[in-house]
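Single-letter residue listing:
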Amino acid sequence: MCDNHSITADVVIVGTGAAGIFCALNLPDTLSVHMITKDTLENSASYLAQGGIAAMKDAEDYDDYFEDTLRAGHYENSRKAVDTMIRQSPLIIQELLAYHVNFDRAGEELSLTKEGGHSQSRILHHDDITGKEITTKLLTGLRKKNNITITEYSRMVDIIEDNHICRGIVALDREGKPYVIQGKVVVLATGGLGGLFKHSTAFAHITGDSLAIAANHHIQLKDINYIQIHPTALYSTKPGRRFLISEAVRGEGAYLLNAAMERFTDELQPRDIVTAAIREQMEKDGKEYVYLSLTHLDPDKVRNRFPNIYKHCLKRGYDLTMEPIPVTPAQHYFMGGIEVDLKGRTSMNNLYAIGETSCTGVHGKNRLGSNSLLESLVFAKRAAMDISQNIPYTPIEETEVDLSEYAGRDFDEEYRAIVLEEIKRRDRDFYEQWIEPVDHGG
Ligand SMILES: Cc1cc2nc3c(=O)[nH]c(=O)nc-3n(C[C@H](O)[C@H](O)[C@H](O)COP(=O)(O)OP(=O)(O)OC[C@H]3O[C@@H](n4cnc5c(N)ncnc54)[C@H](O)[C@@H]3O)c2cc1C
């Protein structure tokens, strides 16, 4: 950990989710790397991932996986990006295993499950806490590296731009005091924008800051209105993050039921279709939720396959094996973002974006479940390789920054307004349907 105020590093990485960590791990030890995160190391969407990580099962699976990803994305995906992700998926899984990620097994073989939109069982998982398992093991690897320092509770509020070359970032320390981190290369790995929504499965501090900063610096954004709503979050009247009921639950056979306890849609369709069916049903029923039922499934299997979800629901007063639970759609994932090429390069020199804040085009208009952890890791590694090959050997060029312009500003309000305005400009219908004032209730 680092609590320093005048920092320079070869590579500055903003965000400690799967994308940021994996990028850092794939950089050579000869480069100094400084990472910051707005909150604690563990508070990232990556840590929360439940269902799993998709990967091509074998060579015969390529065509099906490609088609499943494109079908879910309404064929708006970048075919090159999808091809890259799928072809590199077996290697990424091998690397995760080398970091001792403990995927569930059936005997000796890795156990594969299925989710909505996937025509094959090709999702690796660790119980229903796959993200925690992957992130924790990668963080263990990170802690062994002497070339990497990490600062928690530090928020990037700007990048340093010099003739359209990125030279570092401006951040606020935990007391809100601005400081500079100069670097040869900056990697934005700040995740999605769930914190801008009233109902989201993501952490409230993940608010799409990179997007507002990119917009201010005329960096190319793409599909910023392509925002996925997850069909099934546990319904609650309380403010704050909504608990996700993973798609894998429907993959294992759970039913969606209306107020009359009847099925009303095919549960295994892609997320946007299931979400639309649930909204329509909620309107018909005059309720803010529908039900998800696992009561027809083997109770032991439910408890063993979804121990985390089972325990959480029990804490909230629902026994999944005995009764249906109320579920409602909530913001879950961001397909758009800062436009990047297949090496994570943005439209600004020396500035990369990876993970959920970037838009590689892999997901098109709608993400196929369990493709996002994979996308984050594949393109984080590719960005790291490009950085390793192209980072200048010359010393860091320090740029004068007037820190007084960052003092006393309300970046939450300022950046929220920029991002929401951009979404509204691109898609007024989405904006009116889903954007409500945020009250995270502390
Ligand atoms: C509940 C839930 C379940 C999910 N389940 C799955 C799943 O089963 N399979 C799957 O593939 N995907 C899943 N996803 C999606 C997946 O977890 C994310 O898309 C992916 O992990 C994104 O990784 P990331 O590294 O880009 O971002 P994150 O993991 O969100 O990390 C973002 C990082 O950026 C930091 N940050 C943000 N803004 C700033 C700033 N201004 N300054 C400094 N730091 C900043 C944050 O603190 C955090 O460290 C799930 C998401 C959620 C919310």
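### Here we look at the nonpolar core
Ranked by internal contacts, the top residues of the largest apolar core, which has 95 residues, are Ile13, Cys23, Ala24, Ile169, Val187 and Ile354. The biggest single contributor to this core is helix 11 (residues 371-390), with nine residues. The contacts of Ala24, once residues within four sequence positions are left out, are Ile13, Val33, Met35, Leu142 and Ile148. Within the second largest apolar cluster, 26 residues are counted, among which are Ile229, Leu234, Leu244 and Val274.

### A short note on unusual backbone geometry
Despite not being glycine, Tyr153 has its phi angle at roughly 50 degrees, a positive value. As for its position among the elements, Tyr153 is in the loop between strand 8 (148-151) and strand 9 (155-162). Note on Tyr153: 15 C-beta atoms within 10 Å, which makes it partly exposed. Of note, Asp223 is a non-glycine position whose phi angle comes to about 50 degrees, a positive value. You can see Asp223 is positioned in the loop between strand 12 (221-222) and strand 13 (227-234). Of the residues examined, Asp223 has 19 C-beta atoms within 10 Å and is grouped as partly exposed.

### Section: the domain arrangement of the protein
We note that the domain assignment places domain 1 (6-226 + 335-428) and domain 2 (231-330) within the protein. Facing 20 residues of domain 1, the contacting portion of domain 2 comprises 20 residues. Within the side of domain 1 that touches domain 2, the residues separate by chemical class into five nonpolar, 11 polar and four charged.

Cut-offs used in this document
Residues numbered from 1 in each chain as written. Predicted model: local features only at pLDDT ≥ 70, side-chain atom pairs only at ≥ 80, totals over all residues. Core = buried A, V, L, I, M, F, W, Y, C linked by C-beta atoms within 7 Å. Buried ≥ 20, exposed ≤ 12 C-beta atoms within 10 Å, placed from the backbone. Helix = DSSP H or I, 4+ residues; strand = E, 2+ residues; numbered from the N terminus. Contact = placed C-beta atoms within 7 Å. Domains from an automatic or database assignment. Nonpolar A, V, L, I, M, F, W, Y, C, P; charged D, E, K, R; others polar.

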